[in-house]
Amino acid sequence: MTEFAGHLPGLSTEEVEWRVLDFAAWGESVQVSVPVLSEAQSLALAARVRENARAYLKTRSVAQIVATLDKAVARLLDRDDPWRRKAEALLPIVTGYDAETVRLGLSGYLRTFRAPQLQRFLAEDFANPAVLDAFQPAMKGGFTRAHGPELLLHVWAGNVPGLPLWSLISGLLVKAGTVGKVASAEPLLAGWFARVLGEIDPRMGECLAIVWWKGGDADSEQVWLDQADTVVAFGGNAALTAIRDRAPVTARFLAHGHKIGFGLVSAAALDTRRAGPLARLVAHDVMRYEQQGCYAPQMLFVERGGKISPRDFAEQVSRELAGFARRHPRRALSVAEAAGVASWRNAEEMRAFDGEGRVVLGDAADPWSVVLVEEAEPLAPSGLNRTLKIVAVDRLDDVIPLIAPFRAFLQSAAVAATPEELFRIAALLGEAGVTRICAFGRMTAPEAGWHNDGRFNLLDLVTITEIEQSAELAAEGFADYVD
Amino acid sequence: MKFRDKTILVTGASRGIGAALAKAFAAEGGLVIVNYRRSEAAAQAVVEACRAAGGQALAIAADVTVPEEVAAMVAVIGEEAGRIDAVVNNAFAPYVFDPDDRARFWETPWSAYQAQVDGALKATYHVCQAVLPLMRQRGRGAIVNMASDLVARPSIAYHDYTTAKAALIGFSRNLATELGPLGIRVNCVAPGLVYPTDASRGTREAVKDMLIAQTPLGRIATPEDVAGPVLFLASDWSGFVTGQTLHVDGGLVMS
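Residues numbered from 1 in each chain as written. Chains lettered and ligands numbered in written order. Predicted model: local features only at pLDDT ≥ 70, side-chain atom pairs only at ≥ 80, totals over all residues. Heavy atoms only, no water.

### Some remarks on the sheet that holds strand β7 (residues 245–248) of chain B
All names here are of chain B.
In step 1: Taken together, seven strands build an open sheet; the order of strands is β3-β2-β1-β4-β5-β6-β7 and the sheet is parallel. The open sheet has two edge strands with one neighbour each: β3 (56–61) and β7. When the angles between neighbouring strand axes are averaged without regard to direction, this sheet yields 20 degrees.
In step 2: Sheet contacts for helix α7 (residues 223–234): β4 (86–89), β5 (141–146), β6 (184–191) and β7; angle to β6, the most-contacted strand, approximately 165 degrees. (Pairing = 2+ DSSP bridges. Helix = DSSP H or I, 4+ residues; strand = E, 2+ residues; numbered from the N terminus. Axes fitted to C-alpha atoms, helices over the stretch in contact; angles between N-to-C directions. Contact = heavy atoms within 4.5 Å.)

And the structure:
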């Protein structure tokens, strides 16, 4: 089976050189052809997207764009739609995630992009979203209008299906001519979404392109970086630095680096009735997408003093992960990933032999791993792919010094605590650099309109044009009705 | 070789059903801990038979109604094997099944009940408490408790014995509920009359004939008959089964 990735308005399949990426999982395989564009083709495509956006997308109202996006999302939510069927069939093979994870994850993501959610998304960043359509009166006097980029380049990373849609849709909402570079690990969904958009509104479909180049191919990347006026990039710090250094100084560069999610469990949440369901939610967040997303928990801090001890809770989480291993089997790991998990577990086991207060739960052969540590330990990445360290603390406040040194890596934290504790600890977490606090079970599903990395996802993309009051008043002086 | 690299503790394994279970686990490649109280020679014979069957075995003396002795035994298992995959609580207080001369209720002192409750329930309680840390760390384990089909169908009213076994079934169901979330399964096997064992050696032919007449499979259980269901419940073949009581009595009880 061969599937063509990307979305290249104005270019026919025959004109383009394709490279085949092989994927295999769950006993099936698929070949994905990704486009390898020449410099001339890239330049022409950039010009075309920029021009089409100027001629069409920027003339549409935000409400019209929301309506079109809503229709596209509805298509992908419809399990009988051919695109959706294709996504459910191919994405498990491409990403390795089990079919149920892909199905539930896709629907979960897409639901946050229906029209009401998109309106909320807009309202989060713009007091008056009409500012994207026309000049609007400003409180301070004068008028204001927001313009999206002429050519917005997204450089996506990772293999979580649907994740690119966050930034892709953000760009379209601000009417940006859009080019997205898909990751080799999941090159399909963004292109499909673009093609669905094209089926619903062919002219809108010509305002965006989905391209590919091999990660680290500096020459291809440079061509695109030179064309974009705004760049949104995802990935590790090394990759982001390389992109930033090559982006034109005049381009706006928005980076989303790797993050380490974590969770806090108050003693108040740990009684014999409620600890069990909570352990399941924790395990869910660890399991979903194998901790590949920036928001996934890699460490858990559990307060002592509840009826359920941190050790008891660790066992329950481990057990819930065992249950999920049946329901949502872990995807087959690459050699490097398996080695990462094994070395993480081995290191923990060595330390467990050396000293008291550290227990490695489960068997080495288990497709998950939970380590309990009785002494305070600073935030650190886990081995990913369902590996979790649980650190016992005397008080929730003790967590702050353990995470504060890693401000650049902070983003999502799940909290299970009483309302008083939630607001008190949230203040401390926020000071330390945490930008998103959610419930367990929701870590991998940010709500509609969330502020990724604490930024204004839409506002960061736009440039404001202001008609100062002086210009307005001066113009009055030149009106033909002036007295 | 369903139990290769697995460690199984069988209490009261020097004779009867326990000895048959030990040999069956050994034949499937397991490391069997042959627990006994006094019959050292018999226990050693079981160990030899286990090795001959292709498994490994280790005899450890411990009175399972005494917590200190149980703890010491489990400590040895922890050092020798480092793990316990399954426990069969098979030991029980001495009891003579004699339908001709059984104690009727008004002849049964509370001390007789207490002795049976201690033998069936207290022993199982101590063993479960002791093995739990090893099982919890690995998030897995199977506990099989030997009950009796007399609980479901008291063909003959052995008040003290059967009441203790009934308590054991209730105990097991609660334990299954508690330990399920930790990955540990708890089930019971409830045999009918098993012959020959030391306890049933004196059972008269007339009694056996009466039971056989009412048993669809038309005979009395042998110790080996019990092994299959116990091994099933101790293995991951029954990975989604907990809190159950499996009757092994040729269909005398159907539930």
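That shown, we press on.
### Remarks on a nonpolar patch on the surface
Residues and elements named next belong to chain B.
In step 1: Together, F232, W237 and L246 line one region of the surface with nonpolar side chains, adding up to about 310 Å² of accessible area.
In step 2: Its place among the elements puts F232 in helix α7.
In step 3: On the basis of relative accessibility, which here comes to 32%, the residue F232 falls in the partly exposed class. (Patch = residues over 30% accessible without salt bridge, like charges linked within 9 Å, V, L, I, M, F, W, Y side chains within 5 Å. Areas by Shrake-Rupley, 256 points an atom, 1.4 Å probe, with all protein chains shown as cover. Salt bridge = Lys/Arg side-chain N within 4 Å of Asp/Glu carboxyl O. Buried < 20%, exposed > 50% of the residue type's maximum accessible area, 1.4 Å probe, protein only.)

### Notes on the pairing of strand β15 (residues 387–393) of chain A
Residues and elements named next belong to chain A.
In step 1: Of all the seven residues making up β15, seven are buried; the element is thus mostly covered by neighbouring parts of the structure.
In step 2: By the alternation rule, side chains of β15 split into T387, K389, V391 and V393 and L388, I390 and A392, which are all buried.
In step 3: As paired elements, strand β12 (residues 297–303) and β15 share five bridges and run parallel to each other. Counterpart to M299 in the pairing with β15 is K389.
In step 4: Direction of pairing for strand β14 (residues 369–373) relative to β15: parallel, over a ladder of five bridges. Its bridge partner lying in β15, V373 is registered against V391.

### Considering the pattern of salt bridges
In step 1: For the structure on display, the rule yields 44 salt bridges over all chains.
In step 2: A salt bridge links A:E199 to A:R75, with the shortest nitrogen-to-oxygen separation between them at 2.7 Å. Remark: A:R75 occurs in helix α2 (residues 62–77) and A:E199 occurs in helix α7 (residues 189–200); sequence separation between them is 124 residues.
In step 3: For B:R201, the salt bridge is made with B:D198, and the minimal N-O distance between the two is 2.9 Å.
In step 4: By relative accessible area, B:D198 is classed as partly exposed at 42%.
In step 5: What emerges from the salt-bridge pattern is a single network uniting A:D363, A:D366, B:R83, B:D85, B:R138 and B:R140.

### Notes on the packing of helix α4 (residues 110–138) of chain B against helix α5 (residues 159–179) of chain B
Residue and element names in this part refer to chain B.
In step 1: Two elements in contact, α4 and α5, have axes whose closest approach is 7 Å; the angle formed by their N-to-C orientations is 25 degrees. By the angle class used here, α4 and α5 are roughly parallel. For the pair α4 and α5, the crossing hand works out as right-handed. When α4 is examined against α5, the residues A112, Y113, Q116, V117, A120, L121, T124, Y125, C128 and L132 are found in contact with a partner set consisting of H159, D160, Y161, T163, A164, A167, L168, F171, L175 and L179.
In step 2: A breakdown of the residues in the contact of α4 with α5 according to their chemical character gives 15 nonpolar, four polar and one charged. (Parallel < 35°, antiparallel > 145°, perpendicular 65-115°, else oblique. Left-handed = near helix turned anticlockwise from the far one by under 90°. Nonpolar A, V, L, I, M, F, W, Y, C, P; charged D, E, K, R; others polar.)

### What about helix α3 (residues 67–80) of chain B?
Residue and element names in this part refer to chain B.
In step 1: A rise of 1.5 Å per residue sets the reference length of α3, with its 14 residues, at 20 Å; its end C-alpha atoms lie 20 Å apart and thus fit the reference within 8%.
In step 2: V70, M73, V74 and I77 are the residues of α3 that are buried. One side of α3 holds all its buried residues, which, seen down the axis, span an arc of 95 degrees. For α3, the exposed residues set more than 90 degrees away from the buried face come down to E68 and E79.
In step 3: Among the structural elements, β1 (7–10), β2 (31–36), β3 and α4 are those in contact with the buried residues of α3. (Expected span 1.5 Å × (residues − 1). Arc of directions from axis to C-beta.)

### Describing the nonpolar core
The tendency in soluble globular proteins is for nonpolar side chains to be buried side by side.
In step 1: Counting 69 residues, the largest nonpolar core has A:L69, A:L173 and A:F193 as the members making the most contacts within it.
In step 2: Core analysis: the next-biggest nonpolar cluster, separate from the first, contains 34 residues, B:I17, B:A19, B:V88 and B:V230 among them. (Core = buried A, V, L, I, M, F, W, Y, C linked by side-chain atoms within 4.5 Å.)

### Examining the domain arrangement of chain A
All names here are of chain A.
In step 1: Structurally, chain A comprises domain 1 (2–257) and domain 2 (261–438).
In step 2: Put simply, the middle of domain 1 and the middle of domain 2, counted by C-alpha atoms, are 33 Å apart.
In step 3: Contacts between domain 1 and domain 2 engage 16 residues on the former and 13 residues on the latter.
In step 4: With both chains or domains summed, domain 1 and domain 2 bury close to 1100 Å², and 61% of this area falls on carbon and sulfur atoms.
In step 5: Summed over the shared surface of domain 1 and domain 2, the result is zero salt bridges.
In step 6: Applying the counting rule to domain 1 against domain 2 returns four residue pairs in polar contact (both at pLDDT 80 or more).
In step 7: It is helix α4 (residues 99–111) that contributes the most residues to the side of domain 1 that touches domain 2, six residues altogether.
In step 8: Residue composition of the side of domain 1 that touches domain 2, grouped by class: eight nonpolar, six polar and two charged. (Domains from an automatic or database assignment. Buried area = accessible area lost by both parts, 1.4 Å probe. Polar contact = N/O pair within 3.5 Å; in protein donor to acceptor, adjacent residues only side chain to side chain.)

### Details of the packing of aromatic side chains
The relative placement of two aromatic rings is captured by the distance of their centres and the angle of their planes.
Residue and element names in this part refer to chain B.
In step 1: Within the structure shown, the criterion is met by 15 aromatic pairs over all chains.
In step 2: Ring plane angle 85 degrees and centroid distance 4.7 Å describe the contact between F97 and Y161, whose orientation is recorded as edge-to-face. Pair noted here: F97 is in the loop between β4 and α4 and Y161 is in helix α5, with a separation of 64 residues, a long-range link.
In step 3: Residues W110 and Y113 carry aromatic rings whose centres are separated by 5.4 Å and whose planes lie at 15 degrees to one another, so their mutual orientation is stacked. A residue pair is termed a helical-turn pair when its members lie 3 or 4 positions apart in one helix, as W110 and Y113 do in helix α4 at three residues.
In step 4: Across the ring face of Y195, the terminal group of K208 is positioned such that the distance to the ring centre comes to 3.3 Å. (Phe/Tyr/Trp six-rings, centres within 6.5 Å; stacked < 30°, edge-to-face > 60°. Lys NZ or Arg CZ within 6 Å of the ring centre and 35° of its normal.)

### As for unusual backbone geometry
In step 1: Residues B:Y195 and B:P196 are joined by a peptide bond in cis, for which omega reads 0 degrees.
In step 2: Locating B:P196 in the fold gives a position in the loop between β6 and α6 (205–214).
In step 3: Phi is positive for A:Q291, close to 60 degrees, though the residue is something other than glycine.
In step 4: Among the secondary structure elements, A:Q291 is positioned in the loop between α11 (275–287) and β12.
In step 5: The backbone of B:D5 sits at a positive phi, close to 65 degrees, despite the residue not being glycine.

### Focus on the packing of α2(A) against α4(A)
Residues and elements named next belong to chain A.
In step 1: For the pair α2 and α4, interaxial distance at closest approach is 10 Å and the crossing angle is 160 degrees. Classed by the angle they form, the pair α2 and α4 counts as roughly antiparallel. Judged by the sense of rotation from one axis to the other, the crossing of α2 with α4 is left-handed. Taking contact as the criterion, the partners of V73, L76 and L77 in α2 are, on α4, S107, L110 and R111.
In step 2: A breakdown of the residues in the contact of α2 with α4 according to their chemical character gives four nonpolar, one polar and one charged.

### Some words on the sheet that holds strand β17 (residues 436–438) of chain A
Residues and elements named next belong to chain A.
In step 1: Spatially, β13-β14-β15-β12-β11-β16-β17 is the arrangement adopted by the seven strands of the open sheet, whose pairing is mixed. Of all the strands in the sheet, the pair left with one neighbour each is β13 (358–361) and β17. Across the sheet, the mean angle separating the axes of adjacent strands is 20 degrees when strand polarity is ignored.

### Description of the environment of B:V253
All names here are of chain B.
In step 1: Tracing the chain through its elements places V253 in the segment after β7.
In step 2: Residues V253 and V230, spaced 23 residues apart in sequence, show a C-alpha to C-alpha distance of 18 Å.
In step 3: What V253 contacts, discounting residues up to four positions off in sequence, is D149, A152, R153 and H247.

### Section: α7(A)
All names here are of chain A.
In step 1: Along its 12 residues, α7 runs 17 Å from first to last C-alpha, staying within 8% of the 16 Å computed at 1.5 Å per residue.
In step 2: By the criterion of burial, α7 is predominantly enclosed, with nine of the 12 residues buried.
In step 3: Of all the positions in α7, only L189, A190, G191, W192, F193, A194, V196, L197 and G198 are classed as buried.

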